[in-house]
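# Fold and geometry: a report
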Amino acid sequence: MTPRQCYGMECINSARIGSKYCSDQCGLSLASLRIYQTLPERIREWNLTSCKSAETNQKELVKIRTELCTAREKLEEVDREVEKLEQLIAKSRSLAPVENNSEDSSDDDEQDDQRGGMVNCISCGKDVSTKVAIRHMESCFNKFESQTSYGSMYKTNIEGYQMVCDFYNPLTETYCKRLRVICPEHTKDPYIGAKDVCGYPLTKNIFSPSGEFCRVKKKECNAHFCWEKLRRGELDMERVRCWMKLDELMEQERQEKVSLSRRAGVLNLMLHSTFNHEIMEKVMKMQKGQQH
């Protein structure tokens, strides 16, 4: 096989077998020289015309960042709602319970019986009285919910408020992923004293807060059973939705940034070229005019 000269600039050595160059350094030097000669012209071509895809990406970035601000504001609003709830609970605990007279309570029981309040439990299917329906449905739901496991092999890392249960089960080697406040398996309801007040914030016209609290004993109040736990769970679930939305938007923002950074990369500019005849004719006329 006849040896051939190396393709490297000003190189007089013979190329290696199966290669165009005598060494890797010769190949890298020639490739660098080609880049320095070709890339400035390609960059100039790129800057002559606007890229529609880049404009679309910029518009998407503006839209995504607006949604990110909205999601962060929503998360801050939920945090304020949590603080407000804790203040209401702390305020209600300082109230004294209202004692029910035996005659009044017996009259209320008779009125409830006359109304014929019976409702079907959605969990077990039994008929229960409307007076204890909420209490029965809550306990019945927790009983069925405890039979299902929601686990993951990884522990949740959240700074500050621990929202997820994360109870470790050594048998399955998983962490419980229910919300901590409403987990029926690993979170026990706090002890209710004999004089503890319900403390539910009452409303007028359905939605407007009245500034008053339900002062019935917590053990006797069936209308607002476990309202603190359910409200905390509702706010925690809203937090989860906000975090999932933020995570989704951040991923979309990352993808748009990657698309923008790759579009004008060295490899793409070297491999692809767009020749704009209209602009190049104007450039050629301007160069000729300058020469004359």
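Before reading further, recall that the structure is shown in the block above.
The notes below deal with the structure included here. Given the structure is predicted, the values throughout are model-derived calculations rather than measurements.

### Observations regarding the overall build of the protein chain
Regarding its fold elements, the protein chain presents seven helices and seven strands. Mapped from its N terminus to its C terminus, the protein chain presents α and β elements in the order α-α-α-β-β-α-β-β-β-β-β-α-α-α. Over its C-alpha atoms the protein chain spans a radius of gyration of 36 Å, topping by over 25% the 19 Å that the globule rule assigns to 292 residues. The dimensions of the protein chain, computed from C-alpha atoms along their principal axes, are 115 × 55 × 35 Å. Of all 292 residues assigned to the protein chain, the portion counted as buried reaches 24%. Of the contacts formed within the protein chain by residues at least 6 apart in sequence, a portion of 52% connects residues at least 24 apart. With an accessible surface of roughly 21,700 Å², the protein chain has 53% of that area assigned to carbon and sulfur atoms. Between the mean site of the 45 positive side-chain charges and the mean site of the 45 negative ones, the protein chain shows a separation of 9 Å.

### Considering the pairing of strand β6 (residues 201-204)
As judged from the three bridges shared by β6 and strand β7 (residues 208-213), these two strands associate in the antiparallel manner. Within β7, the position partnered with Pro 201 by the bridge is Phe 213. Hairpin connection, β6 to β7: the antiparallel pair is bridged by three residues, and Asn 205 has positive phi, about 55°.

### Side note on the environment of Arg 135
Summarising the element assignment, Arg 135 is placed in helix α4 (residues 133-145). On the basis of relative accessibility, which here comes to 25%, the residue Arg 135 falls in the partly exposed class. Separated by 88 residues in sequence, Arg 135 and Ala 223 have C-alpha atoms that sit 8.6 Å apart. Every residue in contact with Arg 135, bar those within four places of it in the chain, is listed here: Lys 218, Lys 219, Cys 221, Asn 222 and Phe 225. Side-chain polar atoms of Arg 135 contact the backbone oxygen of Lys 219, separated by 3.4 Å.

### Details of the packing of aromatic side chains
With the rule as written, the count across this model stands at three aromatic pairs. Note on Tyr 7 and Tyr 21: the rings are 6.4 Å apart at their centroids and 80° apart in plane angle, and the pair reads as edge-to-face. Residue Tyr 7 is located in the segment before α1 (24-48), and its partner Tyr 21 is located in the segment before α1; the two are separated by 14 residues in the primary sequence.

### Some details on the sheet that holds strand β3 (residues 151-152)
The antiparallel open sheet is built from three strands, whose spatial order is β3-β5-β4. This sheet does not close on itself; its edge strands, each paired only once, are β3 and β4 (168-169). Note that β4 and strand β5 (residues 174-176) share two bridges and pair antiparallel. Note that in β5 the partner of Tyr 168 across the bridge is Tyr 175.

### Here we look at a nonpolar patch on the surface
Among the surface-exposed residues, Ile 35, Tyr 36 and Val 266 lie close enough to one another that they form a single nonpolar patch of about 310 Å² accessible area. Mapped onto the fold, Ile 35 is located in helix α1. A relative accessible area of 32% places Ile 35 in the partly exposed class.

### Focus on the pattern of salt bridges
Counted by the stated rule, this structure contains 16 salt bridges. Arg 16 is the salt-bridge partner of Asp 24, the closest N and O atoms lying 2.9 Å from each other. Assessed through its relative accessible area of 54%, Asp 24 is described here as exposed. For the salt bridge of Glu 55 with Lys 52, the shortest nitrogen-to-oxygen distance reads 4.0 Å. Here Glu 55 and its partner Lys 52 are both found in helix α2 (residues 52-92), three residues apart, which amounts to about one turn of the helix.

### Things to note about the side chain of Arg 239
By the secondary structure assignment, Arg 239 is in helix α5 (residues 227-263). By relative accessible area, which is 10% here, Arg 239 ends up buried. Dropping the residues within four chain positions of it, Arg 239 is found in contact with Leu 75, Val 78, Asp 79, Val 82, Tyr 161 and Met 163.

What counts as what
By convention here, each chain's residues receive numbers from 1 onward along its written sequence. Note on the predicted model: pLDDT of at least 70 is required for a residue's local features to be given, and 80 or more for side-chain atom pairs to be given and counted; whole-chain, interface and lining totals, by contrast, use all residues. The basis for every side-chain value is the complete set of heavy atoms in the structure, and neither hydrogens nor water enter the calculation. By the criteria applied, helices consist of DSSP H or I runs no shorter than four residues and strands consist of E runs no shorter than two, each listed in order from the N terminus. To get the radius of gyration, use the C-alpha atoms; to get the globule rule, take the number of residues to the power 0.38 and multiply by 2.2 Å. Burial here depends on accessible area, computed with a 1.4 Å probe over protein chains only, as a share of the maximum for the residue type. Under 20% is buried, over 50% is exposed, and the range in between is partly exposed. Here, residues are in contact when the closest pair of their heavy atoms is within 4.5 Å. Per-residue and other accessible areas were derived by the Shrake-Rupley procedure at a 1.4 Å probe size, with only the shown protein chains allowed to occlude residues. The convention is simple: Lys and Arg are positive, Asp and Glu are negative, and His and the chain ends are not counted. Here the site of a charge means atom NZ of a Lys, CZ of an Arg, CG of an Asp or CD of a Glu. Paired strands, in this sense, are two strands between which DSSP finds at least two bridges. By the criterion applied in these results, polar contacts are pairs of N or O atoms within 3.5 Å in which, for protein atoms, one can donate a hydrogen and the other can accept it, and in which residues neighboring in sequence qualify only through two side-chain atoms. Only centres within 6.5 Å qualify two rings of Phe, Tyr or Trp (six-membered ring in Trp) as a pair; their planes then separate them into stacked at under 30 degrees, edge-to-face at over 60, and tilted for everything else. Patch membership requires more than 30% relative accessible area and the absence of a salt bridge. Residues of like charge join within 9 Å; the nonpolar side chains Val, Leu, Ile, Met, Phe, Trp and Tyr join within 5 Å. The term salt bridge refers to a pairing of a side-chain nitrogen on Lys or Arg with a carboxyl oxygen on Asp or Glu at a separation within 4 Å.

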